[in-house]
Amino acid sequence: MARSPLGLAAQPDTPKFGASTAMRGPMGIEPYSFVDSRLRIVDPSEIESNVRQILLMPGGWVAAQCKADFKSSPGRALANLEHSHWRSDNDRLLYARFYFEQLMGSGGEDREAIVQALVSYEVEVERQSADLVVHNPVTADDQMKLGALRKQRTAEAEKRTAEAAKRSIRERPLAKARAAFFSNQEFSAWHTRTLSPDEINRAADAVVMATIDFAMTIPLKFFQYYSDHMLFKMDADDERKAWKKDIYALTDPGGNTRLRSDVINFSEGKLGPILVHELGHTQDAENAVGLGDYQEGHGYAIEYFFSKDPMRRDKILEILSGDSLAVGSQKPKLRLLFQQTLATLIALNEVIQHGSSPHLPATIAIDAETARQLMAERIEQALPSSDQLKAITDYVWGHLDAFNLPGI
């Protein structure tokens, strides 16, 4: 086994490659094609050809810099070679050439030793991002590995094509619902506080971005609901109250949603979870004399789950721990609903992402598509209606300690 002077991993003894040597099969009978646009294959003979061109190039500033670095400290020169941001690979290889010349004390006289050192070095560099490093002549093992890689890439490509086709089919009703949503919001533009066309699209994009990786049924439900109801900005009185209570939106059960005027300009990553939060209030019970305040636990659990902003998540926990959301008698119920909703979403997402959830028993067996439907149902309703979601919710309620839920 040969070892690079750089102290890199041991390599098979590198044969001397001719720049124009044809790659042949293990029996040396016929050329074997390694050209494949889906794979990055490293051929040491091609590397050697490039190395030999590097040896013909003048050193210039690269040689001067390398020699100065090496004179100061060989370790410093090595660090510069491995970690500097080079203008090009040729500059990097040129520096490596003079590094090896200094290291080997040859001054470039032992040309073949320098070639082999540079080839070994460059093979290691290329190996970091290559699919396969081959030998010359090609070995049977090379051919087997290449065949396996090609099969793998073909399978991956076929899987992506199939997923794209399925996604296209699923997205058709989503596109139709979004168009209806836009039409409804734009048609009502006579309202002085309605959203502009750009703001309508911004809201739609934010909801899709926040939820599409979990369940396409969620933005579909959002567009369907707001195809018959309005999103608009708060009036001055509502705005003052919202700022005082540190809330972003108000949704009437079965009615419209009023946004604080600054909310629509939030980043999509922040806006999307807020709008899905409000979708969670569209089927709330009427809030008579504060007895429905606890339902905010459901909305904030939804926003917390979809939010990727740690600061916003911390703010949600601060709000839930404070006194602005619910009257005293409703606080325990609010916090329990937050935990129950969040835990249910976590368990359903585990099924969506991994096919099963460690938080659910074997008696509750659902597939990913069912989990997506149930997640959309859980977002729309503070209290589940389907038997499957009721069973999951009841189980989760009795096992909240198994979830790593934030304290409030």
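Scroll up to find the structure.
Residues numbered from 1 in each chain as written. Predicted model: local features only at pLDDT ≥ 70, side-chain atom pairs only at ≥ 80, totals over all residues. Heavy atoms only, no water.

(A) Main features of the overall build of the protein chain. The helix and strand tally for the protein chain stands at 15 helices and five strands. Relative to its 408 residues, the protein chain shows a buried fraction of 47%. Relative to all contacts within the protein chain whose residues are 6 or more apart in sequence, the contacts with residues 24 or more apart total 68%. Carbon and sulfur atoms form 54% of the exposed surface of the protein chain, whose accessible area is close to 20800 Å². (Helix = DSSP H or I, 4+ residues; strand = E, 2+ residues; numbered from the N terminus. Buried < 20%, exposed > 50% of the residue type's maximum accessible area, 1.4 Å probe, protein only. Contact = heavy atoms within 4.5 Å. Areas by Shrake-Rupley, 256 points an atom, 1.4 Å probe, with all protein chains shown as cover.)

(B) Structural view of the packing of aromatic side chains. Per the counting criterion, the structure on display carries 14 aromatic pairs. With centroids separated by 5.3 Å and ring planes inclined at 40 degrees, the aromatic side chains of phenylalanine 181 and phenylalanine 223 adopt a geometry described as tilted. With a gap of 42 residues between them, phenylalanine 181 in helix α6 (residues 140-187) and phenylalanine 223 in helix α8 (residues 217-225) connect regions that are remote in the sequence. Phenylalanine 223 shares its class with phenylalanine 181; the two are buried. Centroid distance phenylalanine 305 to phenylalanine 306: 4.9 Å. Interplanar angle 85 degrees. Geometry classified as edge-to-face. Taking relative accessible area as the criterion, phenylalanine 305 reaches 10% and is therefore assigned buried. By way of ring pairs, the aromatic residues Phe181, Phe222, Phe223, Tyr225 and Tyr226 are connected into one cluster. The aromatic ring of tryptophan 243 is capped on one face by arginine 260, whose charged end is 3.6 Å from the ring centroid. (Phe/Tyr/Trp six-rings, centres within 6.5 Å; stacked < 30°, edge-to-face > 60°. Lys NZ or Arg CZ within 6 Å of the ring centre and 35° of its normal.)

(C) A look at the nonpolar core. Counting residues in hydrophobic clusters, the biggest one holds 73 residues, and the most contacted among them are Phe222, Phe306, Phe338, Met375 and Ile379. Ignoring sequence-local partners within four residues, the contact set of methionine 375 consists of Phe214, Ile218, Phe305, Phe306, Leu345, Leu348, Asn349 and Ile352. Listed in part, the 28 residues of the second largest apolar core include Leu55, Phe70, Leu78 and Leu81. (Core = buried A, V, L, I, M, F, W, Y, C linked by side-chain atoms within 4.5 Å.)

(D) Geometry of the sheet that holds strand β3 (residues 231-233). Strand order in the open sheet made by the three strands is β3-β5-β4, with mixed pairing throughout. Edge positions in the sheet fall to β3 and β4 (249-251), since each has one partner strand and no second. Averaged over neighbouring strand pairs, the angle between their axes works out to 25 degrees when direction is ignored. Across the sheet, helix α10 (residues 268-279) touches β3, β4 and β5 (257-259), and the angle it forms with β4 is around 25 degrees. (Pairing = 2+ DSSP bridges. Axes fitted to C-alpha atoms, helices over the stretch in contact; angles between N-to-C directions.)

(E) Seen up close, the side chain of threonine 211. By the element assignment, threonine 211 lies in helix α7 (residues 197-211). A distance of 2.8 Å separates the side chain of threonine 211 from the backbone oxygen of valine 207, its partner in a polar contact. If near-sequence neighbours (up to four positions away) are discounted, threonine 211 is found in contact with Ile218, Pro219, Val276 and Phe306. (Polar contact = N/O pair within 3.5 Å; in protein donor to acceptor, adjacent residues only side chain to side chain.)

(F) Layout of the pattern of salt bridges. Under the criterion given, the structure shown has 23 salt bridges. Of the charged contacts, one joins arginine 52 and glutamate 48 as a salt bridge, the two residues approaching to 2.6 Å between their closest N and O atoms. Taken together, the positions of arginine 52 and glutamate 48, both in helix α1 (residues 44-56) and four residues apart, correspond to about one turn of that helix. Note that aspartate 262 is salt-bridged to arginine 260, the shortest N-O span being 2.9 Å. (Salt bridge = Lys/Arg side-chain N within 4 Å of Asp/Glu carboxyl O.)

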